[in-house]
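# A closer look at the structure
Given next are the chains, with one letter for each unit.
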Amino acid sequence: MTKDSLQTFTEAIRSTWGPLTSELVAGSRHHLAHLLEAPAAEAWLAALHRDAPESRELYRDPTHDFLLLAHTEETDLYRPPHDHGRGWVIYAVQRGEMEMSTYRHVHDLRGNAYIVKRESFLLRSGDVRVFLPGDIHDTRCTAGPLSLFRFTSRDFKKEEMTRYPEPTSAVRTAPSLTVT
């Protein structure tokens, strides 16, 4: 029996899985990008397109606990800034478009913590983006329905994630120092 793209993906990831390294991330990203090229006629992908689930678990590794999830989002769905704790994630857009922004957690001179937007970018069909432990990001579906794969290094329902308040549109400036 011939393997489908999903089986090929999971076997490739399992065969290279190990501690977080640059090589593991690059390989996982490569395999996920290849999964985006799966023929729409494959049964699992045809079912995703037909059912358009908000979230569906496609694979959970019984040994290593990494997951592959599929999500369908409507235009303007926004997920505020967050990180994934000790875990890492790869987003891969199958169809549609999403805007993502990255942030940095900083402290002003008085010790007040807040986040600063670093950049914003669009992910379109075929695009893949990696977020390592501690990387703060948000997502907004800009052209739905959006179909995306989300590969996670662990089950984030079991992981302590940090959620951040949405940044305001006002520019934050740190108080000036007075030197005497």
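Here's a quick rundown of the structure. All values reported here derive from a predicted model rather than from experimental measurement. Numbers given to residues run from 1 along each chain, matching the order in which its sequence is written. With pLDDT at 70 or above as the cut-off, local features in this predicted model cover only qualifying residues; side-chain atom pairs require 80 or more to be listed or tallied, and sums for whole chains, interfaces and linings still use all residues. Hydrogens are left out, water is left out, and the side-chain values use all remaining heavy atoms of the structure.

Glancing now at the environment of V130. Its location among the elements puts V130 in strand β6 (residues 128-131). By definition, residues are in contact when any of their heavy atoms lie within 4.5 Å. Ignoring anything within four residues of it in the chain, the contact list for V130 reads V25, R29, V89 and I90. Secondary structure is summarised from DSSP: a helix means a run of H or I of at least four residues, a strand means a run of E of at least two, and numbering begins at the N terminus for each.

This part takes up the nonpolar core. As a rule of thumb, soluble globular proteins bury nonpolar side chains together. One finds L32, W44, L58, L68, F149 and F151 to be the most contacted residues of the largest nonpolar core, which totals 25 residues. Counting residues per element, the ones that place at least two in this core are α1 (5-16), α2 (22-35), α3 (43-51), β1 (55-60), β2 (67-73), β4 (89-107), β6 and β7 (136-152). Top contributing element to this core by residue count: α2, with 4 residues. Within this scheme, the nonpolar core is defined by two criteria: the residues are buried Ala, Val, Leu, Ile, Met, Phe, Trp, Tyr or Cys, and they are joined through side-chain atoms within 4.5 Å. Burial here depends on accessible area, computed with a 1.4 Å probe over protein chains only, as a share of the maximum for the residue type. Under 20% is buried, over 50% is exposed, and the range in between is partly exposed. If you look at the next biggest cluster of nonpolar residues, it comprises 12 residues, including V89, Y91, M100 and L146.

Where α3 is concerned, the buried positions are W44, L45, A47 and L48. Along the axis of α3, the buried residues cluster in a sector spanning 160°; they form a single face. Turned more than 90 degrees away from the buried face of α3 sit A43 and R50, all of them exposed. Buried residues along α3 sit against α1, α2, β1, β2, β4 and β7. Note that the arc is defined by the directions from the helix axis to the C-beta atoms.

All right, on to empty space enclosed by the protein then. Each cavity reported here is a set of points on a 1 Å grid over the protein atoms alone in which a 1.4 Å probe fits but cannot get out, each pocket an open set with protein on both sides within 12 Å along at least five of seven lines, and each lining residue one with an atom within 4 Å of a point. Grid points are joined across faces, edges and corners, and a volume is the space filled by probe spheres set on the points. Applying the stated criterion across every chain yields a total of 1 cavity of 30 Å³ or more. Looking at the largest cavity, its volume works out to about 70 Å³. Along its surface, the largest cavity is lined by L45, L48, H49, P53, A70, H71, T72, Q94, S147, L148 and F149. Secondary structure elements with two or more residues in the lining of the largest cavity: α3, β2 and β7. Amino acid classes used here: Ala, Val, Leu, Ile, Met, Phe, Trp, Tyr, Cys and Pro are nonpolar; Asp, Glu, Lys and Arg are charged; the rest, including Gly, are polar. For the lining of the largest cavity, a count of residues per class yields 6 nonpolar, 5 polar and no charged.

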